[in-house]
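# Inside the fold
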Amino acid sequence: MVSRVIPVDPFDLVLFGATGDLARRKILPSLFHRFQISQFCPQSRIIGSSRSALDRAGFQEMVAAAIREFGQEGETGEEDIQAFVELLDYVPVDATGDMGWQELKQQLRADVTRVFYLSVGPSLFPEIASRLSACGIATPASRIVLEKPFGHDLASAQALNAALRDHFDESQIYRIDHYLGKETVQNLMALRFANSLFEPLWNSTHIDHVQITVAESIGVSGRGEYYDRSGAMRDMVQNHLMQLLCLIAMEPPSRFTPNAVRDEKVKVIEALEPVSQENLARGQYRANPASSDPDSYLDHAGNPNSRTESFIAMKVQVANWRWAGTPFYLRTGKCLRARESEIAVYFRDPPHNIFEGAEGVHGNVLVVRLQPDEGIILRTTIKDPGPGGMRLTGANLDMTFADSLPEAGRPQDAYERLIMDVIRGNQTLFMRGDEVEAAWAWADPIIAGWSQSGAAPQPYDRGSSCPEDSLLLMHRDNRRWRTIGS
Ligand code: BG6
């Protein structure tokens, strides 16, 4: 059951890169599902655009096939698909030439919101923005949506921002980080700012450390060349993990408005201390003959000598009053034992153990699980039930959403929420230009550090839990990572 759908006004959405992978896998199926639950009306239109010489019927066919393949299981009824494809149009446009721009202009209506969704490589962002403006297609009320990667370093991100701002105001620019659209990520804000229980404890006096893990079981096959230019630091840490860190560490904004929230996130990034090479571990997965897919990173990187990391772990310090003395440990990697993403907040142990001889008096751990099995769990210590004296054991207060909120139905895909937010004009879950630049300003010296040292990433077996060095990073501080794939 899907509830509380707030309909949006009719819109014209132009999807550049409409025949690409992301469009077929995520963007178009997400739009379909929102249409299916009547969040937008048949007066809305989606205009696909790319260099491919398709006509309307060809595009409709491609989209219908994409929905059948990538739509949510059990939610892809043919009647709905046929109604949805009626909203579609297609205009072949050359992003770097003159072809198609006037035709595109003629398709757009004057009295509805215009959204330009750039599901294309970032090198095309400036050119498309400039042509949208030069052809009079972009109006002051239009919105432009950009996919990551947003730059490769600070200088390229600044150049991109400047090129966009020549034609669009910051209030029109929506930079997507799909992690911000995930249900539990938003729940983190509700947990922190709609409950008074945690805030008095949310500081270094009570929190020992925080672990942020985004573990993936998939490798880089199919996108090895792109990935090899990025590595885990650029592909995941500078954006997704940074966003998670911000939401955990930020001060409460005065209101839940886009700029109030983003102001607080920028302050966290600006308070990050530089990370020295001793406080990070990089790894690269190698073949594992025992795995059903034995390939190594190098099999797909397009460079047999690549030193790009497919895993990274680091210890990060937020230098402000709230967090001084509470490290944040971040790790992410490909081809790990399981796909598991979570944030674990470790509270300090009780200051004094009155249960002499009883083992197991530990601090509480609050786990926010992003995927799979979205939910929030609080580990507590209780008396081990039954006879035998005052023995203690761990027990979880478990709010796995599928169990505790079954009426909510399947969690919305991040893209469904984010696209609807663009159409509504709500920028809260999108990265502001200064936020992206601050994240690069922090990441650049870290990347430069290992480039200068020439250090190779440590090999780890495909399907294992992490490289050895990342364990040492924790052991040195007398702490342990949570187990991946337990
Ligand atoms: C993307 C990265 O941004 O996020 C990918 O480029 C990664 O490398 C993906 O696999 C992970 O997203 P999710 O939602 O599957 O955790």
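Cut-off values and rules
Residues numbered from 1 in each chain as written. Predicted model: local features only at pLDDT ≥ 70, side-chain atom pairs only at ≥ 80, totals over all residues. Heavy atoms only, no water. Buried < 20%, exposed > 50% of the residue type's maximum accessible area, 1.4 Å probe, protein only. Helix = DSSP H or I, 4+ residues; strand = E, 2+ residues; numbered from the N terminus. Pairing = 2+ DSSP bridges. Right-handed = clockwise from strand over helix to strand, strands pointing away. Axes fitted to C-alpha atoms, helices over the stretch in contact; angles between N-to-C directions. Contact = heavy atoms within 4.5 Å. Near = heavy atom within 4 Å. Polar contact = N/O pair within 3.5 Å; in protein donor to acceptor, adjacent residues only side chain to side chain. Areas by Shrake-Rupley, 256 points an atom, 1.4 Å probe, with all protein chains shown as cover. Nonpolar A, V, L, I, M, F, W, Y, C, P; charged D, E, K, R; others polar. Salt bridge = Lys/Arg side-chain N within 4 Å of Asp/Glu carboxyl O. Core = buried A, V, L, I, M, F, W, Y, C linked by side-chain atoms within 4.5 Å. Phe/Tyr/Trp six-rings, centres within 6.5 Å; stacked < 30°, edge-to-face > 60°. Lys NZ or Arg CZ within 6 Å of the ring centre and 35° of its normal.

### Comments concerning the pairing of strand 2 (residues 45-50)
- Counting buried residues in strand 2 gives five out of six residues, a clear majority hidden from the surface.
- Sheet topology places strand 1 (residues 11-16) next to strand 2; five bridges connect them, and they run parallel. Residue pairing for strand 2: Phe16 is matched across the bridge by Ser49.
- Of the crossover connections in this fold, the one passing from strand 1 over helix 1 (residues 21-36) to the parallel strand 2 is right-handed.
- Pairing of strand 2 with strand 3 (residues 88-92) involves five bridges; the strand directions are parallel. Across the sheet, residue Gly48 finds its bridge partner in strand 3, namely Tyr90.

### Quick look at the sheet that holds strand 13 (residues 375-383)
- Here nine strands make up an open sheet; going across it, the order is 14-13-12-11-7-10-9-8-15 and the pairing mixed. Edge positions in the open sheet fall to strand 14 (392-400) and strand 15 (458-461), since each of these has one partner strand only. The sheet shows a mean angle of 20 degrees between the axes of neighbouring strands, direction not considered.
- Alignment of strand 12 (residues 365-371) against strand 13, held across five bridges, turns out to be antiparallel. Note on strand 13: the bridge partner recorded for Val367 is Ile377.
- Packing against the sheet, helix 8 (residues 224-249) makes contact with strand 7 (207-215), strand 9 (311-316), strand 10 (328-333), strand 11 (340-347) and strand 12, and its axis sits at approximately 145 degrees to strand 10.

### Observations regarding the site of the ligand
- Around the ligand sit Lys148, His178, Tyr179, Lys182, Glu216, Arg223, Asp235, Met236, His240, Lys334, Arg339 and Gln371, and that is every residue in its neighbourhood.
- His178 is positioned such that a nitrogen or oxygen atom in its side chain is 2.8 Å from an oxygen atom of the ligand.
- Within the side chain of Tyr179, one N or O atom sits 2.4 Å away from an oxygen atom of the ligand.
- Relative to its free-state accessible area of 400 Å², the ligand is covered by the protein chains to the extent of 82%.
- Ranked by the residues each element gives to the shell around the ligand, the list is headed by helix 8, at three residues.
- Looking at the shell around the ligand residue by residue, the class counts come to two nonpolar, three polar and seven charged.

### Some thoughts on the environment of Met62
- Counting through the fold element by element, Met62 comes out in helix 2 (residues 56-70).
- Residues Met62 and Thr19 lie 43 residues apart in sequence; the distance between their C-alpha atoms is 8.0 Å.
- The residues touching Met62, leaving out its near neighbours within four places in the chain, are Ala18, Thr19, Arg24 and Leu28.

### Remarks on the pattern of salt bridges
- Counting across every chain of the model gives 33 salt bridges.
- The residue Arg51 makes a salt bridge to Asp94 at a minimum N-O spacing of 3.6 Å. Taken together, the positions of Arg51 in the loop between strand 2 and helix 2 and Asp94 in the loop between strand 3 and helix 4 (101-107) put the pair 43 residues apart, joining distant regions of the chain.
- Overall, Arg51 belongs to the exposed group, its relative accessible area being 61%.
- Shared partners join several salt bridges into a network, and the residues in it are Arg192, Glu199, Glu251 and Arg322.

### Examining helix 12 (residues 414-424)
- Burial within helix 12 is extensive, with 10 of its 11 residues counted as buried.
- The complete set of buried residues in helix 12 reads Ala414, Tyr415, Glu416, Arg417, Leu418, Ile419, Met420, Asp421, Val422 and Ile423.
- Those residues of helix 12 that are buried are in contact with strand 1, helix 1, strand 4 (113-118), strand 5 (143-146), strand 6 (173-175) and helix 7 (183-193).
- The N-cap residue of helix 12 is Asp413: its side-chain oxygen and the backbone nitrogen of Tyr415 are 2.8 Å apart.
- With its phi angle positive at about 85 degrees, Gly425 sits one or two positions after the end of helix 12.

### Overview of unusual backbone geometry
- Lys148 connects to Pro149 through a cis peptide bond whose omega is 5 degrees.
- Turning to its location among the elements, Pro149 is positioned in the loop between strand 5 and helix 6 (154-165).
- With omega at -10 degrees, the peptide bond leading from Gln371 into Pro372 counts as cis.
- Counting through the fold element by element, Pro372 comes out in the loop between strand 12 and strand 13.

### Structural notes on the sheet that holds strand 4
- Strand order in this open sheet of six strands is 3-2-1-4-5-6, and the pairing throughout is parallel. Each end of this open sheet is capped by a strand with a single partner; those strands are strand 3 and strand 6. Strand-to-strand twist across the sheet, computed as the mean angle between neighbouring axes with direction ignored, equals 20 degrees.
- Of the strands in this sheet, strand 1, strand 2 and strand 4 touch helix 1, which is tilted by about 175 degrees from strand 1.

### Focus: the nonpolar core
- Counting residues in hydrophobic clusters, the biggest one holds 140 residues, and the most contacted among them are Phe16, Phe84 and Trp442.
- Each residue touching Phe84, except ones within four places of it in the same chain, is listed here: Leu28, Leu31, Phe32, Phe35, Phe40, Ile46, Val63 and Ile67.
- Residues Ala344, Val365, Val367 and Ile377 belong to the second largest nonpolar core, which totals five residues.

### A short note on the packing of aromatic side chains
- Scanning all chains against the criterion turns up 15 aromatic pairs.
- A ring pair is formed by Tyr174 and Phe430, whose centres lie 5.0 Å apart and whose planes are at 80 degrees; its orientation type is edge-to-face. Within this pair, whereas Tyr174 is found in strand 6, its partner Phe430 is found in the loop between helix 12 and helix 13 (433-453), the two being separated by 256 residues in sequence.
- We classify Tyr174 as buried; its relative accessible area is 1%.
- When the ring of Trp323 is compared with that of Phe328, the centres are 5.2 Å apart and the planes differ by 80 degrees; the resulting orientation is edge-to-face.
- Judged by relative accessible area, which is 0%, Phe328 ranks as buried.
- Here a set of aromatic residues connected by ring pairs shows up, and it is made of Phe11, Phe32, Phe35, Phe40 and Phe84.
- In this arrangement the basic side chain of Arg175 is found over the ring face of Phe150, its NZ or CZ atom lying 5.0 Å from the centre.
- Over the ring of Tyr179 we find Lys182, and its NZ or CZ is 4.6 Å from the ring centre.

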